[in-house]
Amino acid sequence: LFESLTFAFKTAILCCIVGAIAIAFTWKENYSSMKSTTAVNSEHPDDTFLTKFINAGKYIMQHTDTLLLGITQCCYEASLYTFIFLWVPIIGKATLDKTEAIPHGHIFAIFMIACMIGSNVYTIIGDKMKLSRKMLFGISLFIFYFLFFT
């Protein structure tokens, strides 16, 4: 049972079920006590789900900052999950020695360390550089990587 390749996923399903039951019985809905006049928060509590959904769509279209944030988040999540689902098969195909096991745990740990280093470096230089210089620096690193490491 514990040596199965799907044990982690089966355990995750069990944790989700336990969490869902705990949430269903202990969390209360968070209704604001303030009346809002925005398009999203309807003043009519009897509005249907569809009406609230349409109002949210109108709000997003009226406020381009919210729309751009949503598009940016979608692009980030799409690239992240594409990478997450494809890195294992790609490394498996790129391996020259097919008999030796690939240390997926070590590779993933290195990816996470690289993410933390990148986040910390950006935090350090973020306030000290103008946006145009940060973009130039990022594009330069991108080009350098693909010229020398691919």
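You'll find the structure just up there.
Everything numeric in this text was worked out from a predicted model, so none of it was measured.

## Points about a nonpolar patch on the surface
Then comes step 1: A surface patch of nonpolar side chains, about 1200 Å² in accessible area, is lined by Leu131, Met135, Ile139, Phe142, Ile143, Phe144, Tyr145, Phe146, Leu147, Phe148 and Phe149.
Then comes step 2: With respect to the secondary-structure elements, Phe144 resides in helix H5 (residues 131-148).

## What about the side chain of Lys134?
Then comes step 1: Secondary-structure assignment places Lys134 in helix H5.
Then comes step 2: What Lys134 contacts, discounting residues up to four positions off in sequence, is Tyr122, Gly126 and Met129.

## Some points on helix H1 (residues 7-26)
Then comes step 1: With 20 residues, H1 extends 29 Å from end C-alpha to end C-alpha; this agrees with the ideal 28 Å at 1.5 Å per step.
Then comes step 2: Counting buried residues in H1 gives zero out of 20 residues, a small share hidden from the surface.

## A few points about the packing of aromatic side chains
Then comes step 1: If you walk through the whole model with that rule in mind, you get ten aromatic pairs.
Then comes step 2: Judged by centre distance (5.1 Å) and plane angle (70 degrees), the rings of Phe83 and Phe111 are edge-to-face. Here the residue Phe83 occupies a position in helix H3 (residues 64-94), and Phe111 occupies one in helix H4 (residues 104-126), the gap between them amounting to 28 residues.
Then comes step 3: On the basis of relative accessibility, which here comes to 25%, the residue Phe111 falls in the partly exposed class.
Then comes step 4: On the basis of an interplanar angle of 85 degrees and a centroid distance of 5.1 Å, the ring pair of Tyr145 and Phe146 is categorised as edge-to-face.
Then comes step 5: Using a relative accessible area of 42% as the deciding quantity, one classes Tyr145 as partly exposed.
Then comes step 6: Phe146 gets classed as partly exposed once you look at its relative accessible area, which sits at 43%.
Then comes step 7: Three or more aromatic residues joined by ring pairs form one cluster here, namely Phe142, Phe144, Tyr145, Phe146, Phe148 and Phe149.

Cut-offs used in this document
Residues numbered from 1 in each chain as written. Predicted model: local features only at pLDDT ≥ 70, side-chain atom pairs only at ≥ 80, totals over all residues. Heavy atoms only, no water. Patch = residues over 30% accessible without salt bridge, like charges linked within 9 Å, V, L, I, M, F, W, Y side chains within 5 Å. Areas by Shrake-Rupley, 256 points an atom, 1.4 Å probe, with all protein chains shown as cover. Salt bridge = Lys/Arg side-chain N within 4 Å of Asp/Glu carboxyl O. Helix = DSSP H or I, 4+ residues; strand = E, 2+ residues; numbered from the N terminus. Contact = heavy atoms within 4.5 Å. Expected span 1.5 Å × (residues − 1). Buried < 20%, exposed > 50% of the residue type's maximum accessible area, 1.4 Å probe, protein only. Phe/Tyr/Trp six-rings, centres within 6.5 Å; stacked < 30°, edge-to-face > 60°.

Any functional reading would require information that these geometric values do not contain.
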